[in-house]
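Spelled out, the chains give:
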Amino acid sequence: MGLFSRTTNGSTWRAHVRIEKNGEIAEYKDLVSTSGHVATAEEIKKAVISQIVRHSPHLNGGRVTRSAIRRVR
């Protein structure tokens with residue numbers, strides 16, 4: 001399951017984001033679903049980056065080296 005709960009009212013995206021800092025890497029590659037509104041690719045990218053940094057705070061300020069966001073439905 002992706003970052004957000006699945007719903008029929010929102011949108012579903014395939015997200016692949018990678019952050020690097022000082023030789024350390026964190027990557028997210030999964031489905032992301034929103035509820036209540038149809039999100040944009042930029043909103044999804046920001047949400048995924050936020051989740052990566054929340055899970056790996058040592059990567060805060062790191063460089064996004066890979067970002068692919070595609071709408072599924």
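Before reading further, recall that the structure is shown in the block above.
Everything numeric here is computed off the predicted structure, so don't read it as measured data. (Residues numbered from 1 in each chain as written. Predicted model: local features only at pLDDT ≥ 70, side-chain atom pairs only at ≥ 80, totals over all residues. Heavy atoms only, no water.)

### So, the overall build of the protein chain
Consideration 1: Helices and strands together make up the secondary structure of the protein chain, namely one helix and three strands.
Consideration 2: Listing every helix and strand of the protein chain by position from the N terminus yields β-β-α-β.
Consideration 3: Counting across all 73 residues of the protein chain, residues that qualify as buried make up 33%.
Consideration 4: Of the roughly 4700 Å² of accessible surface on the protein chain, a fraction of 46% belongs to carbon and sulfur atoms. (Helix = DSSP H or I, 4+ residues; strand = E, 2+ residues; numbered from the N terminus. Buried < 20%, exposed > 50% of the residue type's maximum accessible area, 1.4 Å probe, protein only. Areas by Shrake-Rupley, 256 points an atom, 1.4 Å probe, with all protein chains shown as cover.)

### Notes on the nonpolar core
It is characteristic of soluble globular proteins that their nonpolar side chains tend to be buried jointly.
Consideration 1: With 13 residues, the main nonpolar core has Ala15, Tyr28, Val32, Ile44, Val48, Ile52 and Ile69 as its most contacted residues.
Consideration 2: For this core, the elements supplying multiple residues, two or more each, are β1 (12-21), β2 (24-33) and α1 (41-55).
Consideration 3: Ranked by residue count, the leading element in this core is β1, at four residues. (Core = buried A, V, L, I, M, F, W, Y, C linked by side-chain atoms within 4.5 Å.)

### Quick word on the environment of glutamate 20
Consideration 1: Relative to the helices and strands, glutamate 20 resides in strand β1.
Consideration 2: Each residue touching glutamate 20, except ones within four places of it in the same chain, is listed here: Ile25, Gly62, Arg63 and Thr65.
Consideration 3: Looking at glutamate 20, its side chain comes within polar contact range of the side chain of threonine 65, at 3.4 Å. (Contact = heavy atoms within 4.5 Å. Polar contact = N/O pair within 3.5 Å; in protein donor to acceptor, adjacent residues only side chain to side chain.)

### Re unusual backbone geometry
Peptide bonds are trans in most cases, and residues, glycine excluded, mostly fall at negative phi.
Consideration 1: At asparagine 22, a position not held by glycine, the phi torsion is positive, near 50°.
Consideration 2: Among the secondary structure elements, asparagine 22 is positioned in the loop between β1 and β2.

### Observations regarding the environment of isoleucine 52
Consideration 1: Here isoleucine 52 is to be found in helix α1.
Consideration 2: Along the backbone, isoleucine 52 and isoleucine 19 are 33 residues apart, and their C-alpha atoms lie at a distance of 8.0 Å.
Consideration 3: Sequence-distant contacts of isoleucine 52, defined by excluding residues within four places in its chain, comprise Val17, Ile19, Ala26 and Tyr28.

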